[in-house]
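Geometric and topological summary
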Amino acid sequence: RKRASARGFEGATLGLCALLVATGASVRGLEGAMLGLYALLVAAAGADALVKDQVFAVDVNGMNIHALVATPKVASCGTVILVHGSAFSAETWRTLGTLDVLAGAGYRAIAIDVPGYGKRLSGPHKPKLGDIPVLLEKFLQAAMSTNEKVVVVAASMGGSLVNPFVRRHADRVAGYVPIAAVLAPGDAMASPLPTVPTLVMWGENDSPDSAKARTYQRQFPLHQMSIFPNAPHPCYIQNPALFHRLLLEFLGAAPSSRMRVVANWDSH
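Residues numbered from 1 in each chain as written. Predicted model: local features only at pLDDT ≥ 70, side-chain atom pairs only at ≥ 80, totals over all residues. Heavy atoms only, no water.

**Remarks on the overall build of the protein chain**
- Helix and strand content of the protein chain: 9 helices and 8 strands.
- Pairs at least 24 apart in sequence give 68% of the contacts found in the protein chain among residues at least 6 apart.
- As displayed, the protein chain offers around 12200 Å² of accessible surface, 56% of which is attributable to carbon and sulfur atoms. (Helix = DSSP H or I, 4+ residues; strand = E, 2+ residues; numbered from the N terminus. Contact = heavy atoms within 4.5 Å. Areas by Shrake-Rupley, 256 points an atom, 1.4 Å probe, with all protein chains shown as cover.)

Encoded structure:
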């Protein structure tokens, strides 16, 4: 399959708009249809992406961490790290279409299997408390040959691994996408990180005005919050089209008039 071009997307979107307007579709229906079309085109572009099962030897108590790595067919625009929630696994991102969407947009995507979760592909034991703050840092040392910036997506439990990395290595974080992510010990009292672009995602039915949600907004001043309408805790799974569209807009891969905060890939 050929990668969907911007012109092809524009033409298809205009055609869909004309059809929906002619049939009297509502604004929300139009937006939903456009989101679905966009995600479909980008996912189709990445459908031939090479997705490999890889195991990385990580310098943390001899851990071997399994990951799904999707490589775009063209030169990579950057790397996106995906860390799942406690009830899910790296496979969740493949099933959801996220790996195809990212590869189709030109990004290398690495979905980690957290040790002790999912099918236990990274081992049966959960990380020890003392290992958690350095686990993602050591994983990236094993998985990447350079210290290039990355965008990190953390769903729920994934925040316990990602937040320490973001705090210790803010200069390596092009952007952070916490999805109702848990807080790591000390997060609530830590100093804010004013330079990390952050897209906070939350389900409308998952207390988006909770103390945890407010902590993310306070700790990451350079943020934008997106609340998924009528969505539960794993809001991205209920509405993957909206999730993918927002993620691509945040990465800078899709045109957007609503995204006020975007990832900063500048290495300087």
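**Some words on the packing of aromatic side chains**
- One pass over the structure, following the stated rule, counts 8 aromatic pairs.
- When the ring of Phe 56 is compared with that of Phe 139, the centres are 5.3 Å apart and the planes differ by 75°; the resulting orientation is edge-to-face. Of this pair, Phe 56 sits in strand β1 (residues 50–58) while Phe 139 sits in helix α5 (residues 132–143), and the two are 83 residues apart along the sequence. Take Phe 56 and Phe 139: they sit in the same class, and that class is buried. (Phe/Tyr/Trp six-rings, centres within 6.5 Å; stacked < 30°, edge-to-face > 60°. Buried < 20%, exposed > 50% of the residue type's maximum accessible area, 1.4 Å probe, protein only.)

**Regarding the environment of Pro 240**
- Along the polypeptide, Pro 240 turns up in helix α9 (residues 240–251).
- Relative accessible area serves as the criterion here: at 26%, Pro 240 is assigned to the partly exposed category.
- Considering only alpha carbons, one finds Pro 240 and Leu 96, 144 residues apart in sequence, at a separation of 6.8 Å.

**Describing the nonpolar core**
- Formed by 39 residues in total, the largest nonpolar core has its most connected members in Ile 81, Leu 136, Phe 139 and Tyr 176.
- Residues Trp 93, Leu 102, Ala 109 and Ala 111 belong to the second largest nonpolar core, which totals 38 residues. (Core = buried A, V, L, I, M, F, W, Y, C linked by side-chain atoms within 4.5 Å.)

**Topic: the packing of α5 against helix α6 (residues 159–168)**
- Running from amino to carboxyl end, α5 crosses α6 at an angle of 75°, the nearest separation of the two axes being 7 Å. It follows from the interaxial angle that α5 and α6 lie roughly perpendicular. Taken together, the residues of α6 that come into contact with α5 (itself represented by Ile 132, Pro 133, Val 134, Leu 135, Leu 136, Glu 137 and Leu 140) are Ser 160, Leu 161, Val 162, Pro 164, Phe 165 and Arg 168. (Axes fitted to C-alpha atoms, helices over the stretch in contact; angles between N-to-C directions. Parallel < 35°, antiparallel > 145°, perpendicular 65-115°, else oblique.)

**What to know about α9**
- Here α9 is 12 residues long and its end C-alpha atoms lie 16 Å apart, about the 16 Å a rise of 1.5 Å per residue gives.
- When we look at burial in α9, the residues that qualify are Ala 241, Leu 242, Phe 243, His 244, Arg 245, Leu 246, Leu 247, Leu 248, Glu 249, Phe 250 and Leu 251.
- Positive backbone phi, approximately 95°, marks Gly 252, located one or two places after α9. (Expected span 1.5 Å × (residues − 1).)

**A word on the pattern of salt bridges**
- Per the counting criterion, the structure on display carries 5 salt bridges.
- Measuring nitrogen to oxygen at the nearest pair gives 2.9 Å for the salt bridge that ties Glu 91 to Arg 94. Placement of the pair is Glu 91 and Arg 94 together in helix α3 (residues 90–96), with a separation of 3 residues, close to one helical turn.
- On the basis of relative accessibility, which here comes to 34%, the residue Glu 91 falls in the partly exposed class.
- For the salt bridge of Glu 137 with Arg 168, the shortest nitrogen-to-oxygen distance reads 3.5 Å. Taken as a pair, Glu 137 in helix α5 and Arg 168 in helix α6 lie far apart in primary sequence, 31 residues in all.
- One salt-bridge network, in which partners are shared between bridges, spans Arg 245, Glu 249 and Arg 258. (Salt bridge = Lys/Arg side-chain N within 4 Å of Asp/Glu carboxyl O.)

**Some details on unusual backbone geometry**
- Notably, Arg 120 is not glycine yet its phi reads approximately 60°, a positive angle.
- The residue Arg 120 is located in the loop between β4 (108–112) and α5 in this model.
- Phi at Ala 180 is positive, roughly 45°, even though this residue is not glycine.
- Looking at where Ala 180 falls in the secondary structure, it is placed in the loop between β6 (173–179) and β7 (198–203).

**Focus: the sheet that holds strand β8 (residues 223–228)**
- With mixed pairing, the 8 strands of this open sheet are ordered in space as β1-β2-β4-β3-β5-β6-β7-β8. With one partner strand each, in any of the chains shown, β1 and β8 form the two edges of the open sheet. Geometrically, the sheet is characterised by an average inter-axis angle of 20° between neighbouring strands, direction not taken into account.
- For strand β5 (residues 150–155) and β6, the ladder comprises 6 bridges, and the chain directions are parallel. Across the sheet, Val 150 pairs through a bridge with Val 173, a residue of β6.
- Contacting β1, β2 (63–71), β3 (79–83), β4 and β5, α5 runs over the sheet at an angle of about 115° to β1.
- Along the sheet, helix α7 (residues 211–219) makes contact with β6, β7 and β8, crossing β7 at roughly 165°. (Pairing = 2+ DSSP bridges.)

**A closer look at the pairing of β5**
- For β5, the tally of buried residues reaches 6 of 6 residues, placing the bulk of the element in the interior.
- Burial along β5 is two-sided: Val 150, Val 152 and Ala 154 and Val 151, Val 153 and Ala 155, pointing in opposite directions, are all buried.
- Relative to β5, β3 runs parallel, the two being bridged by 5 bridges. The partner of Ile 81 across the bridge, within β5, is Val 152.

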